[in-house]
Amino acid sequence: MQTETTNTTKNGVNVDALLQAREILEGAPQAADFIWKASSEWKGGVHTRTEMNGFFGLGEEHKRKQTFVSETDHPEVFAAPDSAATPVELILSGLAGCLVAGVASVAENRGIQLNSVTATLEGDMNLYGILGIDSGTRNGFSAIRVKFDIDADASEEDIKAVVAQSQKRSAVFDIITNPTNVFVDVAC
Amino acid sequence: MRHTTTIIIGAGQAGLAMSHCLTEQNIDHVVLERGQVANSWRTERWDSLRLLSPNWQSRLPGYTYQGSDPDGFRTLDETIQFFDGYSSQINAPIETETGVLGVEPYGDDYLVRTTQGDWLCRSVVIATGCMSTPNIPAFARDLTSDIRTLSSKAYRNPEQIEEGGVLVVGPSASGIQIAQELQSAGRNVTLSVGEHVRLPRTYRGLDILKLMDLAGVFDHTIHDVDDLNRVRRLPSMQLIGSPTRDTISLNSLQTSGVEIVGRSMGARDNCVQLSGSLSNVCQLADLKMNRLLRTLDGWIDQSDVREICLEAYDLAPTRMPETPCLSLDLKDRGIKTIIWATGFRPDYSWLNVPVLDGRGRLRHDGGIVSAPGLYAMGLSFMRKRKSNFIDGVADDARALSLHLNAYLSAAAAQAA
């Protein structure tokens with residue numbers, strides 16, 4: 001399913017390959033089942049190191065070009081050394097990465113040249129939840145706001161339509177907005 | 001066993017139109033109907049329903065609206081009368097109260113088993129409509145039995161619904177009309193909103209369907225669209241046919257007191273979990289509506305219609321609740337009833353011919369099904385955008401009856 005990247009793209013997204021993949025996967029439903037993986041290790045305190053290398057898809061295991069790493073820690077107001085971003089900031093980072101990739105892909109598919117794309121994200125959280133002060137307050141975000149600033153060779157309406165479509169097709173937007181069953185197990 | 005050349009399954013608009021076209025070409029045929037003519041209009045619609053397309057928009061082959069109110073909207077009774085009138089005018093050879101149990105290949109023919117005996121025929125036209133089976137979300141089975149659930153197909157009127165709040169799931173034509181009727185009857189209605197097609201009833205002084213028809217939107221063919229799968233899955237237009245030509249929208253529903261919430265995703269302990277995507281689906285619908293209105297503006301400005309049109313204008317964006325609700329505790333909110341207005345899918349369980357794809361859809365090219373002599377009618381965007389409308393079956397019936405005739409001639413020549 002590998003396709004040569006053509007140099008006719010506007011935003012550097014190989015939309016032809018994506019469209020081709022869609023066609024192929026429609027005829028091969030099992031190949032579309034992917035499993036994403038990460039493994040993490042406690043580094044003392046509230047510091048964790050997570051490695052990502054390998055996922056399952058197209059019927060087989062895949063290795064990445066290198067092992068990617070993300071570190072998480074907590075800021076000083078949480079009595080931690082602040083050696084890395086918090087996990088919830090990585091959630092914002094994941095949402096931004098997914099939506100921006102979507103904006104680039106949808107714009108490519110619609111023949112829109114992007115000149116610059118920036119996104120600023122905010123997540124509202126009341127600490128009464130994680131501190132166990134109020135059981136009625138949820139632990140996680142009560143709302144997330146994403147503000148896009150996009151310079152592109154397109155009308156304002158067309159840019160808005162690209163952003164709306166990128167949410168519609170975003171994995172992380174779906175993960176955040178919809179319930180997901182989470183199964184946590186402990187090796188014995 | 002009885003014999004005929006072609007069997008049409010279903011005596012709704014699609015089956016009747018095809019019958020007329022086959023008669024014109026002297027093709028011997030029979031229409032099998034599980035109930036009476038226009039059966040789903042008789043038995044599967046709510047009492048107050050009016051068609052959302054105007055009276056004029058029912059140009060069947062050899063029959064159309066002749067009354068004095070072309071811009072009005074038929075009631076359910078008038079709709080049934082209209083189809084009865086068509087059926088008798090074209091003298092359609094209908095076998096009523098005849099349910100089809102199975103269709104299977106039989107040599108070069110098809111064996112059609114029915115509740116009234118077997119038929120053998122050379123070709124079959126499937127005109128059973130695209131609204132056979134309601135799409136009920138899988139989480140419906142996680143709700144406890146004290147919540148009454150019914151599909152929009154089973155809804156009749158507010159009196160049928162137990163006192164208390166109602167959750168209507170689905171913001172397309174059926175869902176918004178039912179939500180409005182129940183709210184007007186004094187119920188507390190919550191409407192769960194996923195992707196939808198927003199449209200105003202009138203734009204620049206003309207009926208929206210009139211404008212779209214004049215501008216040729218309904219005549220777009222399967223070759224005019226980029227993503228056929230997407231347009232075939234589009235939900236119905238948010239419209240209502242009322243004598244006062246009201247626009248019904250998420251804004252008008254909120255004004256009348258309906259609460260809009262996100263798409264229903266799951267249920268746990270009688271708490272319905274809602275998606276946080278309400279803002280996105282409303283923005284998508286607003287953007288798509290505006291794109292259509294600008295297209296219509298472009299067309300109006302090039303045509304004589306501009307003489308009778310108002311100036312172009314913008315519609316208010318869909319109002320969002322300040323904090324859209326993310327879970328509905330049915331007990332806390334006094335919700336006793338859930339109405340699924342979540343769309344339908346065709347039922348082909350009786351079709352014993354290998355023509356279905358992995359998702360249970362007919363494999364066909366513009367209604368020419370992937371088995372010799374097998375045809376479909378009335379499917380969503382089957383050949384044109386209007387294919388599943390009353391007004392859309394004429395073109396498809398004409399085109400497919402010609403193909404069918406050619407198939408029969410070729411088969412006869414081969415046999416000889």
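What counts as what
All residue numbers refer to position in the chain's written sequence, counted from 1. Think of it this way: whatever chain is written first is A, whatever ligand is written first is 1, and the rest follow in order. Thresholds applied to this predicted model are a pLDDT of at least 70 for local features of residues and 80 or more for the giving and counting of side-chain atom pairs; totals over whole chains, interfaces and linings are not thresholded and use all residues. Each side-chain value is derived from all of the structure's non-hydrogen atoms; neither hydrogens nor water enter the calculation. Pairing between two strands requires that DSSP report at least two bridges joining them. In DSSP terms, a helix is any run of H or I states spanning at least four residues, a strand is any run of E spanning at least two, and both are numbered starting from the N terminus. Helix axes are fitted only over the stretch in contact, all axes being lines through C-alpha atoms; the angle between N-to-C directions runs from 0 to 180 degrees. When an angle is under 35 degrees it counts as roughly parallel; over 145 it counts as roughly antiparallel; between 65 and 115 it counts as roughly perpendicular; any other value is oblique. Left-handed describes a crossing in which the near helix is turned anticlockwise from the far one by less than a right angle; the clockwise case is right-handed. Two residues qualify as a contact provided that any one of their heavy atoms is within 4.5 Å of a heavy atom in the partner residue. Basic side-chain nitrogens of Lys or Arg form a salt bridge, by our definition, when they fall within 4 Å of a carboxyl oxygen of Asp or Glu. Buried residues are those whose accessible area, probed at 1.4 Å on protein chains only, stays under 20% of the maximum for their type, while exposed residues exceed 50% and partly exposed ones sit between those limits. Only residues whose relative accessible area exceeds 30% and that take part in no salt bridge are eligible for patches, with like-charged residues grouped when within 9 Å of each other and nonpolar side chains (Val, Leu, Ile, Met, Phe, Trp, Tyr) grouped when within 5 Å. Where accessible areas are quoted, they stem from the Shrake-Rupley method and a 1.4 Å probe; at the residue level, only the protein chains shown are allowed to cover. Counting rule applied: Lys, Arg positive; Asp, Glu negative; His and chain ends not counted. Here the site of a charge means atom NZ of a Lys, CZ of an Arg, CG of an Asp or CD of a Glu.

**Overview of the sheet that holds strand 19 (residues 271–274) of chain B**
All names here are of chain B. Spatially, 18-19-20 is the arrangement adopted by the three strands of the open sheet, whose pairing is antiparallel. Either end of the sheet is taken by a strand with one partner, and the two such strands are strand 18 (264–268) and strand 20 (327–329). Strand after strand, the sheet turns through a mean of 20 degrees between neighbouring axes, direction not considered. Bridging between strand 19 and strand 20 involves three bridges; their strand directions are antiparallel. For Cys271, the partnering residue across the bridge sits in strand 20 and is Asp329.

**A few points about the packing of helix 2 (residues 87–109) of chain A against helix 3 (residues 156–168) of chain A**
Residues and elements named next belong to chain A. In contact at an axis separation of 8 Å, helix 2 and helix 3 are set at 120 degrees when each is read in the N-to-C sense. Here helix 2 is positioned oblique relative to helix 3, judged by the angle of their axes. Judged by the sense of rotation from one axis to the other, the crossing of helix 2 with helix 3 is right-handed. Residue-level inspection shows Leu99, Gly102, Val103, Val106 and Ala107 of helix 2 in contact with helix 3, the latter providing Val162, Val163, Gln165, Ser166 and Gln167.

**Re the pattern of salt bridges**
Any two side chains of opposite charge can pair, given that their charged atoms come close. Tallied over the entire structure, the rule returns 32 salt bridges over all chains. Glu41 of chain A is paired through a salt bridge with Lys43 of chain A; the nearest N and O atoms lie 3.7 Å apart. The partner of Arg113 of chain B in a salt bridge is Glu104 of chain B, with the nearest N and O atoms 3.4 Å apart. The partly exposed category is assigned to Glu104 of chain B, whose relative accessible area is 25%. Salt bridges linked by common partners bring Arg204, Arg294, Asp297, Asp301 and Asp314 of chain B together as one network.

**A look at a positive patch on the surface**
A surface patch of like charges, here positive, comprises Arg110 and Arg169 of chain A together with Arg230, Arg233 and Arg291 of chain B. Counting through the fold element by element, Arg233 of chain B comes out in helix 6 (residues 228–233). For Arg233 of chain B, a relative accessible area of 52% translates into the label exposed.

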